[in-house]
Amino acid sequence: MFRRLPEIETASSTVAFTIDGRPASARAGDSVAAALLANGVTVCRNTPVSGAARGPYCMMGVCFDCLVTIDGTGNRQGCQVRVAPGMAVETQNGKREVER
Ligand code: FES
């Protein structure tokens, strides 16, 4: 469904981060959702009720199908956060507790 535009970035603009503890890389400026897709991760969460798989869809903050845990904080919209060096992204299974 999604694919990158032709490569125009240089190797120096690569960002190293992790997906479920595995090393990954992205282009500087990529959203977390774009970085997940670029690394072959199309499912970033499972719904709390049915367990259905969900992945980034709208890429503009509307569908909430891109929820992931970022640096230990759950329910972050991956399409609304830029990937950063050393960031730890985790896919989600089921609901996350809301921080109060
Ligand atoms: S992909 Fe739809 S809200 Fe992030």
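Please read these numbers as outputs of a predicted model, since none were measured by experiment.

A.B. asks: Let's hear about the confidence of the model for the chain: which residues, and what values?
C.D. replies: Overall, the predicted model of the chain reaches an average pLDDT of 90, with 88% of residues at or above 70. Put simply, strand β8 (residues 92-93) is where the chain has its lowest mean pLDDT, 90, and strand β7 (residues 88-90) is where it has its highest, 98.

A.B. asks: Outline the environment of glycine 78, supporting the account with residue identities and numerical values.
C.D. replies: With respect to the helices and strands, the residue glycine 78 is situated in the loop between β6 (73-77) and β7. For the pair glycine 78 and glycine 61, spaced 17 residues apart in sequence, the C-alpha to C-alpha distance is 8.6 Å. Setting aside residues up to four positions removed in sequence, glycine 78 forms contacts with Ser31, Val32, Ala33, Cys66 and Val68.

A.B. asks: Describe the nonpolar core, with residues and values.
C.D. replies: Counting residues in each nonpolar core, the largest one holds 19 residues, and the members touching the most others are Phe17, Val32, Leu36, Val68, Val83, Met87 and Val89. Looking at this core, the elements with two or more residues in it are β1 (14-19), β2 (22-27), α1 (32-38) and β5 (67-70). Here the element with the most residues in this core is α1; it accounts for four residues. With near-sequence residues (within four places) excluded, methionine 87 lies in contact with Ala16, Phe17, Thr18, Val32, Ile70, Asp71, Val81 and Arg82.

A.B. asks: So what about the sheet that holds β5? Which residues, and what values?
C.D. replies: Taken together, the five strands give an open sheet; going across it, the order is β2-β1-β7-β5-β6, and neighbouring strands pair in mixed fashion. Looking at the sheet topology across the chains shown, the edges are occupied by β2 and β6. With strand direction ignored, the average angle separating the axes of adjacent strands in the sheet is 40 degrees.

A.B. asks: I'd like a rundown of the pattern of salt bridges, residues and numbers included.
C.D. replies: The full count for this structure, using the stated rule, is two salt bridges. The partner of aspartate 65 in a salt bridge is arginine 45, with the nearest N and O atoms 3.1 Å apart. Of this pair, aspartate 65 sits in the loop between β4 (53-54) and β5 while arginine 45 sits in strand β3 (residues 45-46), placing them 20 residues apart in sequence. Judged by relative accessible area, which is 16%, aspartate 65 ranks as buried. As a salt-bridge pair, arginine 54 and aspartate 65 come within 3.7 Å of each other at their nearest N and O atoms.

Cut-offs applied
Residues numbered from 1 in each chain as written. Predicted model: local features only at pLDDT ≥ 70, side-chain atom pairs only at ≥ 80, totals over all residues. Heavy atoms only, no water. pLDDT = per-residue confidence, 0-100. Helix = DSSP H or I, 4+ residues; strand = E, 2+ residues; numbered from the N terminus. Contact = heavy atoms within 4.5 Å. Core = buried A, V, L, I, M, F, W, Y, C linked by side-chain atoms within 4.5 Å. Buried < 20%, exposed > 50% of the residue type's maximum accessible area, 1.4 Å probe, protein only. Pairing = 2+ DSSP bridges. Axes fitted to C-alpha atoms, helices over the stretch in contact; angles between N-to-C directions. Salt bridge = Lys/Arg side-chain N within 4 Å of Asp/Glu carboxyl O.

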